[in-house]
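Here is how the chains run, residue by residue.
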Amino acid sequence: MLRFAPVLTVILMVGPVLAGLSGTLLPAFGYLPALGGGEWSLAAWRELAAQPGLVISLRLSAVTGLLATLISFVVVMLFCAAWQGTRVFSAIQRVLSPILSIPHAAAAFGLAFLIAPAGWIVRLFAPLAGWDQPPDIVTLQDGGGLALVAGLVIKEIPFLFLMTLGALQQANAGQSQQVALSLGYGRVAGWLKTVLPRIYPQIRLPLFAVLAYSASVVDVAMILGPTTPAPLAVRILHWLSDPDLSMRFMASAASLLQLALVGGQIMLWMAGEKIAGSCGRRWAEGGGRYRRDGVVRLTVAVVSILAAGLILAGIAALAVWSIAGFWRYPDLLPGQFTLKLWLREVAAFAGSLGNSVLIGGAAIMIGIVLVIACLEREGRQLAQPGRGAMWLIYLPLLMPQISFMFGLQVFFGYLGLERTFISVVMAHLVFVLPYMFLSLADPFRSLDERYRHTSLCLGAHPNRVFWQVILPLLTRPVLTALAVGFAVSIGQYLPTLLIGAGRFATITTDAVALAAGNDRRMIGIYGLLQALLPFAGFGLAMLVPAICFRKRRGMRDGL
């Protein structure tokens with residue numbers, strides 16, 4: 001059965017994307033008999049072009065996506081260059097790793113609670129500035145999308161940082177840095193000249209994934225982004241949710257436009273790579289040592305700590321608002337704390353909580369079986385997939401969700417699975433599988449093959465070796481992959497909303513729906529629950545091995 005695992009995994013991961021794109025392509029050109037579209041036409045495109053503010057929406061999506069990706073990339077690279085191998089680097093590594101599990105929407109709500117005109121940051125400076133009332137300044141949903149860029153940057157920095165860590169280990173970056181330092185180069189310049197060219201090819205696909213996500217994000221844009229007009233992805237969602245079914249044709253055309261926008265941005269980034277590579281080569285050959293880099297090191301450390309601090313402070317703000325009673329401006333804390341709202345809403349969010357756990361649990365159970373089967377087949381055949389397989393793994397992450405979700409909805413409709421639990425789980429699986437594979441692949445492949453070979457030499461069947469030797473040794477990485485997959489599932493907004501057609505309310509869909517209102521206490525409850533669910537998953541991933549291996553000292557710290 002193992003030989004079918006890679007094919008089945010690709011079908012479940014890439015198949016829905018291709019089916020969804022096909023289901024979007026046809027109505028974009030007027031063909032969707034279920035909605036009365038029986039002839040090919042360009043009417044949807046003409047209607048789309050006539051939409052007011054379309055160019056502004058496109059510009060917002062393009063600029064915020066590129067800016068967020070570029071800032072995140074520069075901060076991560078400079079931080080690694082300035083601090084790799086130091087205590088500061090280790091400390092930031094420990095802080096950023098758990099932050100990665102926080103869903104984007106929860107981080108966006110937390111940031112909104114901090115930077116709002118009546119948020120914690122303004123309240124902190126209000127006594128000094130003499131603000132008796134919240135200042136009349138636009139810090140949220142600004143027309144330039146700066147709040148949206150900030151929300152994306154603080155979440156993408158941890159992701160790119162952890163992707164870079166894996167690349168650094170494979171590139172022996174520490175040795176290269178020591179050689180550069182011994183030749184008299186500054187820490188930052190030496191790292192950029194000797195390490196960056198070798199690790200960049202390994203973080204290129206994650207960078208493209210960040211770019212695609214940032215340019216097409218919906219939930220974060222609904223919380224932090226401008227509304228008149230909104231970024232293109234948000235407007236597409238509104239057209240898809242319109243009671244007038246004829247709007248689906250125009251929404252499909254807009255979805256393809258969103259896909260073209262992301263494709264164009266990736267091509268633009270690739271062109272920038274060539275220019276940067278050419279300039280970087282000349283810079284490296286110039287031989288400049290740039291020893292005085294103290295300001296750069298300090299600045300990038302402050303920015304990195306600020307990014308992590310904003311997320312943690314935002315989660316704290318969500319927690320405080322969820323139990324806040326009367327809270328007068330500009331007091332830093334509420335005048336009273338109460339659990340009255342939690343007790344009142346427990347029945348309301350219990351259902352959403354249950355749906356989140358059930359959908360996420362089903363998706364990760366299917367995902368872990370497929371991922372382990374693929375990796376075990378690799379181990380038995382002593383062959384690793386090539387670059388093409390990596391592109392397939394990243395394909396769902398490189399495609400804007402909004403570009404194929406409607407088509408996938410139509411596809412499930414043809415299969416008779418529309419608005420079912422199975423279809424929602426399958427949609428989540430498309431995004432859960434890549435992250436689980438990336439999380440488990442390195443630990444699985446780095447496991448010492450002598451364990452397997454020794455067991456086989458003792459006469460054990462390969463299946464017995466897997467169940468009694470390999471899997472117990474990989475307990476901790478497997479549980480971590482499950483926790484990663486669960487965190488990814490919890491953060492899914494569009495797949496739950498569009499594929500489930502609103503029938504499967506989760507903590508994330510409820511939280512984003514509250515963004516349109518102004519009830520901060522309710523947002524605090526749902527945002528906090530959204531952040532805590534992934535933490536619970538990672539907590540179990542740490543607790544279970546500690547209990548199971550409490551009498552096996554060598555297994556406590558993992559492999």
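Being a predicted model, the structure only gives us computed values, none of them experimental. (Residues numbered from 1 in each chain as written. Predicted model: local features only at pLDDT ≥ 70, side-chain atom pairs only at ≥ 80, totals over all residues. Heavy atoms only, no water.)

**Here's the deal with a nonpolar patch on the surface**
There is a patch of nonpolar side chains on the surface, built from I121, L124, F125, L128, W131, L332, L333 and F337 and spanning about 800 Å² of accessible area. Along the polypeptide, L128 turns up in helix α6 (residues 120–129). Among the residues examined, L128 registers a relative accessible area of 74% and is labelled exposed. (Patch = residues over 30% accessible without salt bridge, like charges linked within 9 Å, V, L, I, M, F, W, Y side chains within 5 Å. Areas by Shrake-Rupley, 256 points an atom, 1.4 Å probe, with all protein chains shown as cover. Salt bridge = Lys/Arg side-chain N within 4 Å of Asp/Glu carboxyl O. Helix = DSSP H or I, 4+ residues; strand = E, 2+ residues; numbered from the N terminus. Buried < 20%, exposed > 50% of the residue type's maximum accessible area, 1.4 Å probe, protein only.)

**As for the nonpolar core**
Ranked by internal contacts, the top residues of the largest apolar core, which has 180 residues, are L168, W191, I199 and L440. Counting residues per element, this core draws most heavily on helix α7 (residues 146–171), which supplies 14 residues. Look past the residues within four positions of I199 in its chain and what remains in contact with it is M77, T164, A167, L168, A171 and W191. (Core = buried A, V, L, I, M, F, W, Y, C linked by side-chain atoms within 4.5 Å. Contact = heavy atoms within 4.5 Å.)

**Looking at helix α5 (residues 104–115)**
The end-to-end C-alpha distance of α5 is 16 Å, a good match for the 16 Å that twelve residues give at a rise of 1.5 Å each. In terms of residue burial, α5 counts as a mostly covered element, since eleven of its twelve residues are buried. Buried residues of α5: A105, A106, A107, A108, F109, G110, L111, A112, F113, L114 and I115, and no others. Those residues of α5 that are buried lie in contact with α6, α7, α11 (219–224), α14 (294–322), α23 (507–513) and α24 (520–548). (Expected span 1.5 Å × (residues − 1).)

**Some remarks on the pattern of salt bridges**
Scanning all chains against the criterion turns up eight salt bridges. Between D331 and R328 there is a salt bridge, with its nearest N and O atoms 3.6 Å apart. The class of D331 is partly exposed, set by a relative accessible area of 27%. The partner of R452 in a salt bridge is E449, and the shortest N-O contact between them spans 3.3 Å. With a gap of three residues between them, R452 and E449 both fall in helix α19 (residues 449–457), about one helical turn apart. When salt bridges with common partners are traced through the structure, they connect E376, R380, E449 and R452 into a single cluster.

**A closer look at the environment of T480**
By secondary structure assignment, the location of T480 is in helix α21 (residues 475–490). Judged by relative accessible area, T480 falls into the partly exposed class, the value being 30%. Sequence-wise, T480 and S439 are 41 residues apart; in three dimensions their C-alpha atoms are separated by 7.6 Å. Beyond its immediate sequence surroundings of up to four residues, T480 is in contact with S439, F538 and A541.

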